[in-house]
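# Fold and geometry: a report
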Amino acid sequence: MGDEYPTLFRSEQMSLVQLIVPTEVAHDTIAELGELGNVQFKDLNPDVNPFQRSFVGEIRRIDEMARRVRFFASQIEKEKEPIPIRPLYDSAPLVTVGPRAAQTLDELDVKLAEHEERLTQMNDSYQLLSERLRELVEARHVLRETAQFFEQAAVRETEVRTSLDDSSAPLLQHDDREQQFGGGDLQFDLEFVAGTIDRARLSTFERVLWRVLRGNLYMNYIDIQEPFVDPATGAETRKNVFIIFAHGDILLSKIRKVAESMGATIYPIDVNPDKRADSMREVTGRLEDLQIVLYNTGANRRTELMTIGESLASWQDVVAKEKLIYETLNLLNYDVRRKTLIAEGWCPTRDISQIQLALRHATEESGTNVPPILHELRTNRTPPTFHRTNKFTEGFQTIMDAYGIATYQEVNPGLFAVITFPFLFAVMFGDIGHGFIIFTAAVVMILSERKLAKADLGEIFGTFFFGRYIILLMGLFSIYTGFLYNDIFSKSLHLFHSGWDVNNGTAVSNGHTYPFGIDPAWHGAENGLLFTNSYKMKMSIVLGVIHMTFAVCLQVPNHIRFKRFSDIYTNFIPQMIFLQSIFGYLVICIIYKWTVDWDKASTQPPSLLNMLISMVLSPGSVDPESQLYPGQSTVQVILLLLAAVCVPWLLITKPYLQWQEMKKIQGQGYIGLGADDVPRHTDDTTLEGEEEGNGRAVVEANDEEHEEHDFSEVVVHQVIHTIEFCLGCVSHTASYLRLWALSLAHAQLSEVLWDMTLSNVLGMPGLVGIVALVIVGVLWLVLTISILCVMEGLSAFLHALRLHWVEANSKHYEAGGYQFVPLSFARLNEKQ
Amino acid sequence: MSSSLPTVYILFLAILVGSAGWFGTPKGPNQTLIRTSILLTLACTYLMWMVTYLAQVHPLESPRLGVQE
């Protein structure tokens, strides 16, 4: 089977392989297989707790390293000015296989720990210094603002004293005495508390103080203009400086307590202005020093981060790879006696020789002489589905896989979607100009493929880039259908002789048919839409019925491959007859009606829609005046009877055959499967275990889902299948009319855009005309690309995809498989 | 006189090109893909052209052009 090339028609043949790997080579073997990307490993220790697996210690160490690498990455990300990270393809590779592997990993561990310690230390000291800076800034504000208060109060104090001098004499004595206790002109006899508080809390603070002190205070406050930014969170807080004058120790201590509870910071301010000036100078000096230290710490941190940035990508890669390797190693079964690890996995049969080469390569690298052994196992389990795609077919396969992964070796609809999907898109999008635009966009993406593949494109553009080959084909087919619809930016091309001679607004047929596409005489005609609608609707039905017929036929290779020959005449043939007898007949009538020259015919051209409806509602009665062909009523009755027979045929035959088979099995004396197998199987495994040690392959043949031979389920399944198919035929055929609907919408949008923009501007004379043409032209181009290409393109894409998923796939696609997910380091990068 | 016969001629042409494509594709990993694509493309493009052509061979109404400016 290895000399035949794999095709996309079916999924590849997979084999279950068993690898026996000596422990010394295990790590390197898995690394080599990971690079190759061809093996999907099975978990051979399914009932072992993740904390009890053999390589838990190594994984924990790697997780530590991964945490450190993530920490570095987040620190680098937080920097305001970006720090360059050397990309992976540019970094020197870290070799983690071979004899020096363990040493390399240990060195890496130590290095990462060192970097982390240095970085955290720098972060902490930066934080501390920032805190100190903030306090000093606040202190400076407090000093500055309170200086103002004192100056104001001093002025008022002198005023007060002068006024008191004129009052009654005995009181003066008290004043004199009190003056003696204070010293100097600007002495106060009120003490104060000064500090800063959050602006939000200020009013509450005032009110609380007022109540506590019963109004025996004088409070003044002023805003600090600049907000304080918290370095850790980046939140801004606005603060105010307050100063509270009160008399007496008890009051002052109460004020201090309230201030502390409200979260205010209190700063010691001296009454003496000279001392205040000294503190101011000291604070300013310390502030400057602190800023220098802060700047230096910041610069050091930045250099450290730059050094880290040089190697960060390769560290991330190594850590991720090693983690994957050890996780895979955990899936293997350890045979104590022979000191080997046993691995089981799926791989494509074609690639077995490649894998053996890789195994030999791994042994050479690690320097031992004992190669791992690979041999194939026979099994009943269903292998995973693997379609070998290249960069061209990848996109198409992905969009069909999104509906469901194909059952193992089922016919793959992705192969046909390569052409039918862009074609159905183009039927809905047909315009030469728009097709050309999206074709060019795809070509640009494809020509710069290599460069774009490495860059991080973001989600939206990345999705477009992933589907560049789909867009290329969509563009090509759209140009073709654009020629057929004769539509280029809502104008028509006049490439050949028209079939209509036009004089004075009336067109007369001249017996010539426009050979390629719709006649340009229809462009701008009043009844143009009448013709194109009829044409496009009929075309949609024709294309739809043919697409569905093709999809039904795809059942046959599946029935043959899976040896369900009876399904061919219980499912395929009645389905085909049902579909063709009604809708195939409709298609034939459509085409026949077109080939008849109704000017020369004896009857009037009948409405096909009425004909179909009356065929079903009143079979056998066809009015000779409006018949399509002689003998129509008989033919239609026969076809209707055929369709009617197919329904019970579909419904009954398959369950009946299954029932017969069940009877036969029961008649031969077997009990139903599944009852006896379970205890037997466990006996086998324990026996095997005693004989050969614990490290043997566990081929679980019993994990298979048993086929339900419950008869009622079969009947129900078939009923659902029949109803789905018969109703589906009608509704899906009508669903194909969306091909008409979207192409109509596209054509109309295109025409409206032209009429509203360029057609108004094309006739304008002179300089004004040129300027207007340029402006409106740019507007037209932007709207064409954004609305007609992107929006309509996405819409047509979606509807074409729906037609494939629902109308076509429901006729043949089982989609019951699971995806082949090999251990692959390339996939790691994709995930990141 | 317009007739539907050209569709039959082009059908033969398409079958011819299809056979050439089927037998002319070199063996290789992409043989199935190329063969399928060629045949499907021929089928789709022929179908659509045929439908467009046939719809205009014996038209049931003629274009009524409004007053041209």
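Residues numbered from 1 in each chain as written. Chains lettered and ligands numbered in written order. Predicted model: local features only at pLDDT ≥ 70, side-chain atom pairs only at ≥ 80, totals over all residues. Heavy atoms only, no water.

## Digging into the nonpolar core
Our working definition: Buried residues of nine kinds, namely Ala, Val, Leu, Ile, Met, Phe, Trp, Tyr and Cys, make up a nonpolar core once their side-chain atoms join them within 4.5 Å. Exposure is judged per residue with a 1.4 Å probe applied to protein chains only, and the accessible area is read against the type maximum: over 50% gives exposed, under 20% gives buried, and values in between give partly exposed. Only heavy atoms matter for contacts: two residues are in contact if any of them lie within 4.5 Å across the pair.
Of all hydrophobic cores here, the largest spans 101 residues; its most connected members are F421, F423, V427, M539 and L739 of chain A. The contact partners of M539 of chain A, leaving out residues within four places of it in the chain, are V427 and Y485 of chain A together with M48 and V51 of chain B. The next biggest cluster of nonpolar side chains, apart from the first, holds 46 residues, and it includes F41, F55, L105 and V318 of chain A.

## Describing the sheet that holds strand β8 (residues 265-266) of chain A
Residue and element names in this part refer to chain A. The line we're drawing: Between any two strands, pairing holds if DSSP finds at least two bridges. Numbering of helices and strands starts at the N terminus; helices are DSSP runs of H or I of at least 4 residues and strands are runs of E of at least 2. Inter-axis angles, ranging from 0 to 180 degrees, are taken between N-to-C directions of lines fitted to C-alpha atoms, where helices are fitted over the stretch in contact.
The sheet built from 4 strands is open, its strands ordered β4-β7-β3-β8 with antiparallel pairing. Both outer strands of the open sheet, β4 (218-223) and β8, are each paired with one neighbouring strand and no more. Relative to β4, helix α5 (residues 202-213) is tilted by about 175 degrees, and along the sheet it contacts β3 (191-198), β4 and β7 (239-246). Contacts from helix α6 (residues 249-261) reach β3, β7 and β8, with the element oriented near 10 degrees to β3.

## Quick word on the interface of chain A and chain B
Put simply, the test is: Using a 1.4 Å probe, buried area is obtained as the accessible area two parts lose upon being combined, added over both of them. Salt-bridge detection follows one rule: a side-chain nitrogen of Lys or Arg within 4 Å of a carboxyl oxygen of Asp or Glu. Here a polar contact means two N or O atoms within 3.5 Å. Within protein one must be a hydrogen donor candidate and the other an acceptor candidate, and residues neighboring in sequence count only if both atoms are side-chain atoms. Three classes are used: nonpolar for Ala, Val, Leu, Ile, Met, Phe, Trp, Tyr, Cys and Pro, charged for Asp, Glu, Lys and Arg, and polar for all others, with Gly counted as polar.
The interface of chain A with chain B comprises 53 residues on the first partner and 34 residues on the second. Each partner contributes to the roughly 4,000 Å² buried at the junction of chain A and chain B, and carbon and sulfur atoms together form 72% of this total. When residues of chain A are sorted by the area they lose upon contact with chain B, I419, T513 and W594 of chain A head the list and together hold 15% of the total. Linking chain A with chain B are 1 salt bridge. Along the contact surface separating chain A from chain B lie 8 residue pairs in polar contact (both at pLDDT 80 or more). Only α10 (413-429), α14 (468-485), β12 (500-503), α15 (528-553) and α17 (565-595) of chain A provide two or more residues apiece to the side of chain A that touches chain B. Residue composition of the side of chain A that touches chain B, by class: 36 nonpolar, 12 polar and 5 charged.

## Some remarks on helix α1 (residues 23-36) of chain A
Residues and elements named next belong to chain A. What counts here: A helix is expected to span 1.5 Å for every residue after the first.
Taking 1.5 Å as the rise per residue, α1 with 14 residues should run 20 Å; its terminal C-alpha atoms sit 20 Å apart, in good agreement. Counting buried residues in α1 gives 10 out of 14 residues, a clear majority hidden from the surface. Along α1, the positions that sit buried rather than exposed are V25, A26, H27, D28, T29, I30, A31, E32, L33 and G34. Trailing α1 by a residue or two, G37 shows a phi angle of about 75 degrees, which is positive.

## A short note on unusual backbone geometry
Residue and element names in this part refer to chain A. With phi around 55 degrees, N486 is a residue other than glycine that occupies positive phi space. Inspection of the secondary structure puts N486 in the loop between α14 and β12. With a phi close to 55 degrees, A815 is a non-glycine residue in the positive phi region. Note on placement: A815 falls in the loop between α24 (766-808) and α25 (825-831). Residue classification places A815 among the partly exposed residues on the basis of a relative accessible area of 24%.

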